[in-house]
Amino acid sequence: MAAKKPIVLAAGRNEPELEPAALRDPALLLASDWQMARYISLLLCRVQQRLESQIMVNPGIQGLTADSPTRFQDRTAGTLGGRLEYAVAREAEVFAMTEALKLQDSIPEVAATSLIGVIAKLEMIVGADRDIGDPTDFPWPHIASVLRDLKAIAGDLPVGCRSRERTRSDVAKHWESAVKLVAALKEEGEAEQCSDLADFRHVL
């Protein structure tokens, strides 16, 4: 008996109508999480770029201006000075990008159960080519060509709606981790300075 096709092309459109089996495809779920992680890292990148611009304009900045993107920031971070807040934003972006890379690295461990799942895996692989030294070399253009062929046959990935609640939750999670890291590094630096000062005084 022929296997049931999980993808049905919508009439008059080159977009797939996914059956429940395809929507539960582990590869499709992985790609969705990966896209979200990349989106969060982009948001945090914009935050740190804005803070960096403020520091460059005013090196003595002590805090955020009224129009800063505080909705993406944890209350604890709001008590930090401008430079520390920039450091938090930078580390939060790193945490978000690291999450995306971990999801990307798990591609070989996830088996697609539908054609749209295969497309999702290839989408992630091709989407990572910007991190390659020269994405025009073999096999990147060839993989992109296979992806275009598959999309022409089965349609593109379903467009998911990003939840504001999840966006805020993910940003807050990375921001909180970054606050803890920057605070720990600050304490470590201060402890080293005190130790160096004590050693210096001992020598004198």
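What counts, and at which threshold
- Per chain, residue numbering runs from 1 following the sequence as it is written.
- The predicted nature of this model means local features are confined to residues of pLDDT at least 70 and side-chain atom pairs, given and counted, to a pLDDT of 80 or more, with totals for whole chains, interfaces and linings taken over all residues.
- Computation of side-chain values: all heavy atoms of the structure, hydrogens and water removed.
- Elements are defined by DSSP. Helices are runs of H or I of four residues or more, strands are runs of E of two residues or more, and each kind is numbered from the N terminus.
- Categorising residues by exposure relies on relative accessible area from a 1.4 Å probe, with only protein chains included: less than 20% of the type maximum marks a residue as buried, more than 50% marks it as exposed, and the intermediate range marks it as partly exposed.
- In this description, accessible areas are obtained by the Shrake-Rupley approach with a 1.4 Å probe, and a residue is regarded as covered only by the protein chains that are shown.
- Here, nonpolar core means buried Ala, Val, Leu, Ile, Met, Phe, Trp, Tyr and Cys residues that are tied together by side-chain atoms lying within 4.5 Å of each other.
- Any pair of residues with heavy atoms lying within 4.5 Å of one another is described as a contacting pair.
- Exposure above 30% relative accessible area and the lack of any salt bridge qualify a residue for a patch; like charges then connect within 9 Å, and the nonpolar side chains Val, Leu, Ile, Met, Phe, Trp and Tyr within 5 Å.
- Any Lys or Arg side-chain nitrogen located within 4 Å of an Asp or Glu carboxyl oxygen qualifies as a salt bridge.

For the rest of this paragraph, the subject is the overall build of the protein chain. The secondary structure content of the protein chain amounts to seven helices and two strands. In sequence order, the secondary structure elements of the protein chain are arranged as β-β-α-α-α-α-α-α-α. With 204 residues in all, the protein chain has 36% of them scored as buried. Entry remark: accessible area of the protein chain is about 13,000 Å², with carbon and sulfur atoms responsible for 57%.

Take the nonpolar core next. In terms of nonpolar packing, the biggest core is built from 21 residues, with Leu-30, Ile-119, Met-124 and Leu-157 touching the most fellow members. Mapped by element, the contributors of at least two residues to this core are α2 (26-57), α4 (82-105), α5 (115-127) and α6 (140-154). Not counting the four nearest positions on each side in its chain, Leu-30 is found in contact with Leu-103, Ser-106, Ile-107, Val-110 and Met-124.

What follows deals with a nonpolar patch on the surface. A cluster of nonpolar side chains, namely Phe-95, Leu-181 and Leu-185, defines an oily patch on the protein surface of about 230 Å² accessible area. Looking at where Leu-185 falls in the secondary structure, it is placed in helix α7 (residues 164-203). Taking relative accessible area as the criterion, Leu-185 reaches 48% and is therefore assigned partly exposed.

This paragraph deals with unusual backbone geometry. Here the bond from Phe-138 into Pro-139 is cis, since omega is 10°, no more than 30 degrees from zero. Tracing the sequence through the fold places Pro-139 in the loop between α5 and α6.

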